[in-house]
Each structure stands twice: as C-alpha cells, then as structure tokens.
Amino acid sequence: MEAIEVWNQVWEKCNSVKPEDLSHSEQTIYHVSRFLIEIENKGLSGFLYNISPNWQNLTSLKKELERIECFKAATEVRQLFTIVPGPPESNEAETWGGFLALADPDKSIDRIE
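Just so it is clear, the structure is predicted and the values come from calculations on it, not from any experiment.

How would you explain the environment of V77 if you had to name every residue and give the values?
You can see V77 is positioned in helix α4 (residues 71–83). Taking relative accessible area as the criterion, V77 reaches 0% and is therefore assigned buried. Residues V77 and E94, 17 residues apart in the sequence, show an inter-C-alpha distance of 25 Å.

Could you give an account of the environment of N54, with specific residues and numbers?
Mapped onto the elements of the fold, N54 is located in the loop between α2 (24–51) and α3 (56–67). Residue classification places N54 among the partly exposed residues on the basis of a relative accessible area of 38%.

So what about the pattern of salt bridges? Which residues, and what values?
Applying the stated criterion across every chain, the model contains 5 salt bridges. Measuring nitrogen to oxygen at the nearest pair gives 4.0 Å for the salt bridge that ties R34 to E38. Of this pair, R34 and E38 both sit in helix α2, 4 residues apart, which is roughly one turn of the helix. Each of the two residues, R34 as well as E38, counts as buried. We note a salt bridge from R67 to E64, for which the minimum N-O separation is 3.8 Å. With R67 and E64 both in helix α3, this residue pair falls 3 residues apart, about one helical turn.

Which residues make up the nonpolar core, and what values go with them?
In this structure, F35, L48, W55, L58, L65, L80 and I109 are the most contacted members of the largest nonpolar core, which totals 21 residues. When contributions to this core are tallied by element, the ones reaching two or more residues are α2, α3, α4, α5 (96–103) and α6 (108–112). Counting residues per element, this core draws most heavily on α2, which supplies 6 residues. Setting aside residues no more than four positions away along its own chain, L48 makes contact with W55, L58, L80, W96 and I109.

Explain the state of the cysteines to me, and be specific about the residues and the numbers.
With the rule as written, the count across this model stands at 0 disulfides. A disulfide-free cysteine, C14 has its sulfur positioned 19 Å from the sulfur of C70, the nearest such atom. On the accessibility criterion, C14 (18% relative accessible area) is buried.

Please provide a residue-by-residue account of the packing of α2 against α3, values included.
Put simply, α2 and α3 touch, their axes get as near as 9 Å, and they point 115° apart. Where α2 crosses over α3, the two elements pack in a sense that is left-handed. Facing α2, whose interface residues are H24, S25, Q27, T28, H31, V32, R34, F35, F47, L48 and I51, α3 presents N57, L58, S60, L61, E64, L65 and R67. Per-class residue counts for the contact of α2 with α3 are 8 nonpolar, 7 polar and 3 charged.

Rules behind the numbers
- Residues numbered from 1 in each chain as written.
- Predicted model: local features only at pLDDT ≥ 70, side-chain atom pairs only at ≥ 80, totals over all residues.
- Heavy atoms only, no water.
- Helix = DSSP H or I, 4+ residues; strand = E, 2+ residues; numbered from the N terminus.
- Buried < 20%, exposed > 50% of the residue type's maximum accessible area, 1.4 Å probe, protein only.
- Salt bridge = Lys/Arg side-chain N within 4 Å of Asp/Glu carboxyl O.
- Core = buried A, V, L, I, M, F, W, Y, C linked by side-chain atoms within 4.5 Å.
- Contact = heavy atoms within 4.5 Å.
- Disulfide = S-S within 2.5 Å.
- Axes fitted to C-alpha atoms, helices over the stretch in contact; angles between N-to-C directions.
- Left-handed = near helix turned anticlockwise from the far one by under 90°.
- Nonpolar A, V, L, I, M, F, W, Y, C, P; charged D, E, K, R; others polar.

Here is the structure:
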C-alpha cells in the first residue's frame, strides 16, 4: 500500500473515531500530519488556535515527534508549553489575538517558527 493510501485511511477513520481511539501507528500519522498541515497553513499560532481547547494533543504530538526522531520539532512543541501553558479561559480575552497578546507579550511563538 502506498504511503498516501495509508494517510488517507487514517484521516477517513478519524471521521468515525476519536484520535485517541486510533492504533499507535495511526496516532503517529494523525498527530504528525495534522501538525505539519496546520504549521504550513497558519503557523504555530494557528495550530494552537485550531487544537484549542484540546491541548492534551500537544503532549501526544511531542511524543509522536520524538518517536519518529523529529527532535527539533518536539523541542518546539515543548517550548509552546512554557510560553502558553494552556488554552484561553473564556474570560481572558475576547479574541485569539487578545489571548496571545496576554499569554505571549514578547511574541516568543513567532521566534520559534
């Protein structure tokens, strides 16, 4: 089976099950490919926005990146935790930009990218 067929099967399966219910190999494909797609389209900030409030996915992503020996990317994901330790509380800011201004006033996320 071609790699793209495996990738398509994993994404198709995600339409009917939660990512945590995928096999370990499927979780690796899911988390890493989602990360790459989000980073390419919207950068780290967009990635955080799109996974919010399910930031436990960052822990899974970091583990999967380490598993496939993408240590630099795993380090960057770990750095995100130190900059922005969790999703915004509903009363913190009215917009994503407002939340980032409060959570990351030094724009550290931009320097990671």
